[in-house]
Amino acid sequence: MSRPVDTLLDYLRAEEARGTESVFLDEQAKELLRELHRRAHGPKAPARKPAVVASVSLHEEPEREKSLTPVATITVSGDSSAERIESLKLQAANWAPAKALGTLRETMVFSTGNPEAELMLVGEAPGYQEEKQETPFVGPAGQKLDGILKAMGLEREAVYISNIVKFRPAMPKQTTNNRKPTPEEMASCLAFVREEVRIVKPKCIVALGASAAEGLLGLTGAVGKMRNEWHAFEGIPARVTYHPAYLLHGNAGLKDKRMIWEDMLEVMAKLGLPISEKQQGFFLPK
Ligand code: URA
């Protein structure tokens, strides 16, 4: 079960990662943090049940109540991993911290694939096609991802595919155009990703692109600087690579494919997957 304070901590970590130095915390949010402190440092302090609903705002002025982000609780239920993921999905559809932002669209797109997979891939947010089909990575970027998985010898059904944000980020007069999620949007859904990782228990996670790296791992800057090492999320080894949409740009070439492929070779080695000589040489100049 994700505690209210986990959502608050996710929010604060995301703000810290983007360089925010001060935030306004309302009384309930402060009480959650005091409770955490009491538990960590004061074994004799009476344990008080934290409020189920608290709120936190980035803004200095407490009177700007409109921008308060409610913190809610996730309860995981079910015996199998599939049932447990389904229980998350039902709660995500009406997730108050995401809805309260007012910047995300209505349709919830949760995850796809095997809830017991050894490999979990995390993208940024659903786009037009994903919203239409209510499934992550089914548009052009998804086709690229399928190709990458195929080169690894994996079917998309064998892995678990999710996004940091469970709703398509909204834009004025939006048709098929998509935008990247904001740090607030990512922080609002991160508690679900954490629970997904706890349920699926993958051997390895791949963050697809800069937004996923920021939302999941708190890393900012160029993917090129993050991709050559192992990171961790919830104690699980995590690798950052370019978003598959990177390969859709007109000037993407063999070099770009090779960079993503080298990241995937690392992932395959971590998973203990067989790597043939042919696979080792994919996307090298002839
Ligand atoms: N891009 C993403 O990051 N996620 C999707 O589901 C689709 C495109």
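Bear in mind that the values here come from a model prediction, so they are computed numbers and not experimental data. (Residues numbered from 1 in each chain as written. Predicted model: local features only at pLDDT ≥ 70, side-chain atom pairs only at ≥ 80, totals over all residues. Heavy atoms only, no water.)

1. Thoughts on the packing of helix α3 (residues 81–92) against helix α7 (residues 183–200)
Helix packing for two helices is described by the angle between their axes and how far apart those axes are. Running from N to C, α3 and α7 cross one another at 170 degrees; their axes reach a closest spacing of 9 Å. Relative to α7, α3 is oriented roughly antiparallel. Within the contact between the two elements, α3 uses S81, R84, I85, L88, Q91 and A92 and α7 uses F192, E195, E196, I199 and V200. Across the contact of α3 with α7, the residue classes tally to six nonpolar, two polar and three charged. (Axes fitted to C-alpha atoms, helices over the stretch in contact; angles between N-to-C directions. Helix = DSSP H or I, 4+ residues; strand = E, 2+ residues; numbered from the N terminus. Parallel < 35°, antiparallel > 145°, perpendicular 65-115°, else oblique. Contact = heavy atoms within 4.5 Å. Nonpolar A, V, L, I, M, F, W, Y, C, P; charged D, E, K, R; others polar.)

2. Re the site of the ligand
Around the ligand sit G123, E124, A125, P126, E130, P136, F137, N163 and H243, and that is every residue in its neighbourhood. Within the backbone of E124, an N or O atom sits 2.8 Å from an oxygen atom of the ligand. Within the side chain of N163, an N or O atom sits 2.8 Å from a nitrogen atom of the ligand. Within the complex, the protein chains bury 93% of what would otherwise be the 240 Å² of accessible surface of the ligand. If you map the ligand onto the pockets, it falls in the largest pocket. Taken together, the residues of the shell around the ligand break down into four nonpolar, three polar and two charged. (Near = heavy atom within 4 Å. Polar contact = N/O pair within 3.5 Å; in protein donor to acceptor, adjacent residues only side chain to side chain. Areas by Shrake-Rupley, 256 points an atom, 1.4 Å probe, with all protein chains shown as cover. 1 Å grid on protein atoms, 1.4 Å probe; cavity = no way out; pocket = protein on both sides within 12 Å on 5 of 7 lines; lining within 4 Å. Sits in = over half its atoms within 2 Å of the grid points.)

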